[in-house]
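One letter stands for each residue in the lines below.
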Amino acid sequence: MSLIMDAIKLSISEKLLHNLNYPFRTIPAMKIAKLAVDHNFSKKYKGIGTFMIANAELLAITCNTESCAARFLTVDADIEHDKGVLAFYEKNGFIPNTELYNKNRTTISMRKDIYK
Ligand SMILES: CC(C)(COP(=O)(O)OP(=O)(O)OC[C@H]1O[C@@H](n2cnc3c(N)ncnc32)[C@H](O)[C@@H]1OP(=O)(O)O)[C@@H](O)C(=O)NCCC(=O)NCCS
């Protein structure tokens, strides 16, 4: 897994969903830039991907107390190679971002509120 700092634009209704009552549209985030589990290990040990997401969440929360800000974990779910990754991220609490949603995309921009 590799993580980078990010920012996402949310609509008014998306902000309401997360009780974000301030006038800015752009919200700081930490992005999962790469995530992959070696096929042999994912067969042998179930839950490594989920474990890495939990770790990213902890890192983002720690980051908030020490250095940079993040309200969300974000990811561009790569549905071109495997449509199932959408279900994987949904099971881990991610929801699609309406701002970047586009039927023809090969990735789907998603977010997870780390304080929910
Ligand atoms: C996606 C990936 C990281 C998931 O890792 P993993 O260790 O297999 O995932 P977990 O064991 O934590 O799975 C958690 C749940 O998601 C489901 N899930 C995981 N990968 C899935 C997939 N590709 N399609 C459908 N469901 C999936 C699991 O069945 C499990 O469901 P359950 O709790 O109901 O049993 C791994 O399959 C992978 O490396 N894929 C190739 C690279 C990739 O697509 N990365 C994401 C790019 S955005």
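Whatever comes next refers back to the structure up there.
This section reports on the structure supplied with the text.

## Quick notes on the overall build of the protein chain
- The secondary structure content of the protein chain amounts to four helices and five strands.
- Starting at the N terminus, the α and β elements of the protein chain follow one another as β-α-β-α-α-β-α-β-β.
- The principal-axis extents of the C-alpha atoms in the protein chain amount to approximately 45 × 40 × 20 Å.
- Of all 116 residues assigned to the protein chain, the portion counted as buried reaches 32%.

## Focus: the site of the ligand
- Looking at the ligand, there are 18 residues lining it, with L35, V37, K46, T50 and D82 nearest.
- A distance of 2.8 Å separates an oxygen atom of the ligand from a polar backbone atom of G49.
- In the environment of the ligand, an oxygen atom lies 2.9 Å from a nitrogen or oxygen atom belonging to the side chain of K91.
- Within the complex, 66% of the 900 Å² of free accessible area of the ligand lies under protein.
- Cavity membership is defined here by more than half of the atoms lying within 2 Å of grid points; on that basis the ligand lies in the largest pocket.
- Those elements that place two or more of their residues in the shell around the ligand are helix 3 (48–66), strand 3 (72–78) and helix 4 (85–91).

## With respect to the nonpolar core
- L73, Y89, F94 and M110 are the most contacted members of the largest nonpolar core, which totals 16 residues.
- Only strand 2 (26–34), helix 3, strand 3 and strand 5 (107–113) provide two or more residues apiece to this core.
- For this core, the element with the most residues is helix 3, which contributes four residues.
- In this structure, M110 is in contact with L73, T74, V75, A77, L86, Y89, E90, F94, I95, P96 and N97, ignoring residues within four places of it in sequence.
- Counting residues in each nonpolar core, the second largest holds six residues, with I8, I27, A29 and F72 among its members.

## Some thoughts on the side chain of D113
- Along the chain, D113 falls in strand 5.
- A polar contact of 2.9 Å, which involves the side chain of D113, links it to the side chain of R71.
- In contact with D113, not counting residues within four places along its chain, are H18, R71 and F72.

## Points about the pattern of salt bridges
- Scanning the model with the defined rule gives four salt bridges in all.
- A salt bridge links E14 to R111, with the nearest nitrogen and oxygen atoms 3.0 Å apart. Within this pair, whereas E14 is found in helix 1 (residues 12–17), its partner R111 is found in strand 5, the two being separated by 97 residues in sequence. Accessibility assignment for this pair places E14 and R111 in one class, buried.
- K31 serves as the salt-bridge partner of D76, at 2.8 Å between the closest nitrogen and oxygen. With a gap of 45 residues between them, D76 in strand 3 and K31 in strand 2 connect regions that are remote in the sequence.

Reading the values: rules and limits
Sequence order as written defines residue numbering, which begins from 1 separately in each chain. pLDDT decides what is reported in this predicted model: residues at 70 or higher carry local features, side-chain atom pairs at 80 or more are listed and counted, and totals for whole chains, interfaces and linings draw on all residues regardless. Neither water nor hydrogens contribute to the side-chain values; these are computed over all heavy atoms in the structure. Here a helix means four or more residues in a row that DSSP labels H or I, a strand means two or more in a row labelled E, and each is numbered from the N terminus. Here the term buried applies to any residue with accessible area under 20% of the maximum for its type, exposed to any over 50%, and partly exposed to those in between, with areas from a 1.4 Å probe on protein chains only. If a single non-hydrogen atom of a residue is within 4 Å of a molecule or strand, that residue counts as near it. What qualifies as a polar contact is a pair of N or O atoms within 3.5 Å, subject to a donor-acceptor requirement within protein and to the restriction that residues adjacent in sequence count only when both atoms come from side chains. Areas reported as accessible are Shrake-Rupley estimates using a 1.4 Å probe. Residue values count occlusion only from the protein chains shown. Two kinds of site are reported from a 1 Å grid over the protein atoms alone, namely cavities, where a 1.4 Å probe fits but cannot get out, and pockets, open sets with protein on both sides within 12 Å along at least five of seven lines, and residues are called lining when an atom falls within 4 Å of a point. For a cavity or pocket, the test is whether more than half of a molecule's atoms lie within 2 Å of its grid points; if they do, the molecule sits there. For the purposes of this section, nonpolar cores are sets of buried Ala, Val, Leu, Ile, Met, Phe, Trp, Tyr and Cys residues that join through side-chain atoms within 4.5 Å. Between two residues, a contact is recorded if the distance between any of their heavy atoms is within 4.5 Å. Salt bridges are defined by distance alone: a side-chain nitrogen of Lys or Arg within 4 Å of a carboxyl oxygen of Asp or Glu.

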